[in-house]
Every structure is written in structure tokens, then in C-alpha cells.
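# Reading the structure
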Amino acid sequence: MKPFYLDVVAKLDLLRVLSEFDPIVIGTPPLGIATAASDIDIACSAPDFGRFDHTVRRAYGSMNSFSIRTADHLPAPATIASFFACGWDIEIFCQKTATENQWGVRHFRVEKRLLALRPTLRERIVGLKQDGLKTEPAFARVLGLTGDPYAAILHLEDLSDAQLVDLLDAAG
């Protein structure tokens, strides 16, 4: 069994090491919808990818399966470092966009609100994730959202809690 994700974050000192990059732990473990395939995701921001690269390589470059790559297919370029430690795959995602404005963080906040408003949603989302769906497509399916699930989730962030409850009620 994997150790609790926050214990791993603490043991690896991730938030302190990454502190200059405004790290936020996001993804399925803090939402309480992790599956056996889940990883620990940390979103960061840096005006200089070189500084981020240097910091991450110095701290975690010797970890199992360490890699760092550039992703140009996203709305804004990103550098992504990943490695395996303490039974978890860990992915550190960095963009020049302020951390709180990144899509992953925005998705996380919407999903957190939805789960707080309807805790029973958790079981349905985990079931879909265990069937192979990614998190945003799972939420989109349960909520009956159409189109690109990543964009559809973002469209929910400005809705009030009452509007989200209406959406949850309509979805069953």
C-alpha cells in the first residue's frame, strides 16, 4: 500500500524545495479520488524554466525514473519533471503562468467544490477512473458536459454553489 501522499510530500521536502515556484499540490490524492494508478501532481510557476530545471535536477535528479521534458502542445509551454519515490510517481508541472491561474489548478478547484457540494460524487468518479478515464473526462461524463472536458470544467468555475448544485441535481 502506498504511503499517504502528504507524508511523501513532506518526506521529500517538495514544498520547501519548490517554494520559489509557488507550488500547489493538486490532482486526485488531495481530492480523495485517487486510484492505484494515481500520481502526486504539483503545479509550479517560474519566469525562468532554466532556474526551475536546475533546482529540480539538483534536488531530485538522482531519483528513480527521473526525467524532465518540455511540453509545447498546451495553451502555454510547460516544463514537466517526473520521478518515482516512496511508492508514488511524482510529476512537477511548471509554466510561466501564475500557479493559481494554470488550467490544472483551476480544474482542481472546480472539482474540489463539486466534491464538497456532493460528496457522493466521489464514488462515481473513482469508478470511471478505475475504468481508465482521466479525471476531467470522468467529471464531464458524470455531469453530462459536452465538448472538450477540460474546457467544459473550466466553464464551471464562475458558477455559484447554487448553480453547481442545480447542475449536480440535473446530472443525477
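It should be noted that the structure appears before, not after, this text.
Below, the structure is looked at part by part.

About the cut-offs
Within any chain, residue numbers begin from 1 and follow the written order of that chain's sequence. Local features in this predicted model are restricted to residues whose pLDDT is 70 or higher, and side-chain atom pairs enter the listing and the counts only when it is 80 or higher, whereas totals over whole chains, interfaces and linings include all residues. Just so you know, side-chain values use all the structure's heavy atoms and leave hydrogens and water out. Secondary structure is summarised from DSSP: a helix means a run of H or I of at least four residues, a strand means a run of E of at least two, and numbering begins at the N terminus for each. Take the residue count of a helix, subtract one, and multiply by 1.5 Å to get its expected span. Note on definitions: a residue-residue contact is assigned when non-hydrogen atoms from the two residues lie within 4.5 Å. Any N or O atom pair separated by 3.5 Å or less is treated as a polar contact, with the protein-specific requirement of one donor-capable and one acceptor-capable atom, and with residues adjacent in sequence counted only for side-chain atom pairs. A pair of strands is considered paired only if DSSP assigns at least 2 bridges between the two. An axis is simply a line fitted to the C-alpha atoms; with a helix, the fit covers only the stretch in contact. Between two such axes, the angle follows the N-to-C directions and lies from 0 to 180 degrees. Throughout, exposure labels follow a simple rule: accessible area from a 1.4 Å probe, protein chains only, divided by the maximum for the residue type, with under 20% read as buried, over 50% as exposed, and the rest as partly exposed. Buried residues of nine kinds, namely Ala, Val, Leu, Ile, Met, Phe, Trp, Tyr and Cys, make up a nonpolar core once their side-chain atoms join them within 4.5 Å. Just so you know how the angles are binned, under 35 degrees is roughly parallel, over 145 roughly antiparallel, 65 to 115 roughly perpendicular, and the rest oblique. All residues other than Ala, Val, Leu, Ile, Met, Phe, Trp, Tyr, Cys, Pro, Asp, Glu, Lys and Arg, Gly among them, are scored as polar; the first ten of these are nonpolar and the last four charged. Under the pairing criterion, centres of Phe, Tyr and Trp rings, with the six-membered ring standing for Trp, must be within 6.5 Å; the plane angle then separates stacked pairs below 30 degrees from edge-to-face pairs above 60, leaving the rest tilted. Charge-over-ring placement is defined geometrically: NZ (Lys) or CZ (Arg) within 6 Å of the ring centre, and within 35 degrees of the ring normal.

## Considering helix α4 (residues 49-60)
- Its 12 residues place the ends of α4 16 Å apart at the C-alpha level, agreeing with the 16 Å of an ideal helix rising 1.5 Å per residue.
- Where the residues of α4 are buried, they touch α2 (14-17), β2 (40-45), β3 (64-71), β4 (78-85) and β5 (88-95).
- Two or three places before G50, at the opening of α4, D48 has a side-chain oxygen 2.9 Å from that residue's backbone nitrogen.

## Structural notes on the sheet that holds β4
- Strand order in this open sheet of 5 strands is β1-β2-β5-β4-β3, and the pairing throughout is mixed. Only two strands of the sheet have a single neighbouring strand rather than two, namely β1 (24-26) and β3. The average undirected angle you get between the axes of adjacent strands in this sheet is 20 degrees.
- Inspection of the sheet shows β1 paired to β2 by 3 bridges, in the antiparallel sense. Residue pairing in the sheet places I26 in a bridge with D41 of β2.
- Strand contacts of α4: β2, β3, β4 and β5, with the helix running at about 175 degrees to β3, the strand carrying the most contacts.
- Against the sheet, helix α5 (residues 103-117) makes contact with β1 and β2, and its axis sits at roughly 60 degrees relative to β1, the strand it touches most.

## Structural notes on the pairing of β2
- Counting buried positions along β2 yields 6 of 6 residues, so the element is predominantly enclosed.
- Burial along β2 is two-sided: the residues I40, I42 and C44 and D41, A43 and S45 are all buried.

## Looking at the nonpolar core
- Grouped together as the largest cluster of nonpolar side chains are 26 residues, with contacts concentrated most on L14, L18, F52, F83, I90 and I92.
- Taken together, the elements giving at least two residues each to this core come down to α1 (5-11), α2, β2, α4, β3, β4 and β5.
- Once you skip the residues sitting within four places of it in the chain, F83 turns out to touch L12, L14, Y60, M63, N64, S65, F66, W88, D89, I90 and I92.
- Of all hydrophobic cores here, the second largest spans 21 residues; its members include I125, V126, F139 and I153.

## Let's talk about the packing of α5 against helix α9 (residues 161-171)
- Taken N-terminus to C-terminus, the directions of α5 and α9 make an angle of 70 degrees; their axes are 10 Å apart at the nearest point. As judged from the angle between their axes, α5 and α9 are roughly perpendicular. Listed contacts from α9 to R113, L114 and L117 of α5 are D161, L164, V165 and L168.
- Within the contact of α5 with α9, the residues separate by chemical class into 5 nonpolar, no polar and 2 charged.

## Notes on the side chain of T99
- As for its placement among the helices and strands, T99 is situated in the loop between β5 and α5.
- At a separation of 2.9 Å, a polar atom in the side chain of T99 contacts the main-chain carbonyl oxygen of D22.
- Those residues in contact with T99 that lie beyond four places of it in its chain are F21, D22, I24, A43, C44, S45 and V105.

## With respect to the packing of aromatic side chains
- For the structure on display, the rule yields 3 aromatic pairs.
- Each ring, one from Y60 and one from F83, has its centre 5.0 Å from the other, and the planes form 10 degrees; the classification is stacked. With Y60 in helix α4 and F83 in strand β4, this residue pair connects regions lying 23 residues apart in the sequence.
- We classify Y60 as buried; its relative accessible area is 3%.
- In this arrangement the basic side chain of K2 is found over the ring face of W88, its NZ or CZ atom lying 4.1 Å from the centre.
- It is K96 that lies over the ring of F49; its NZ or CZ is 5.2 Å from the centre.

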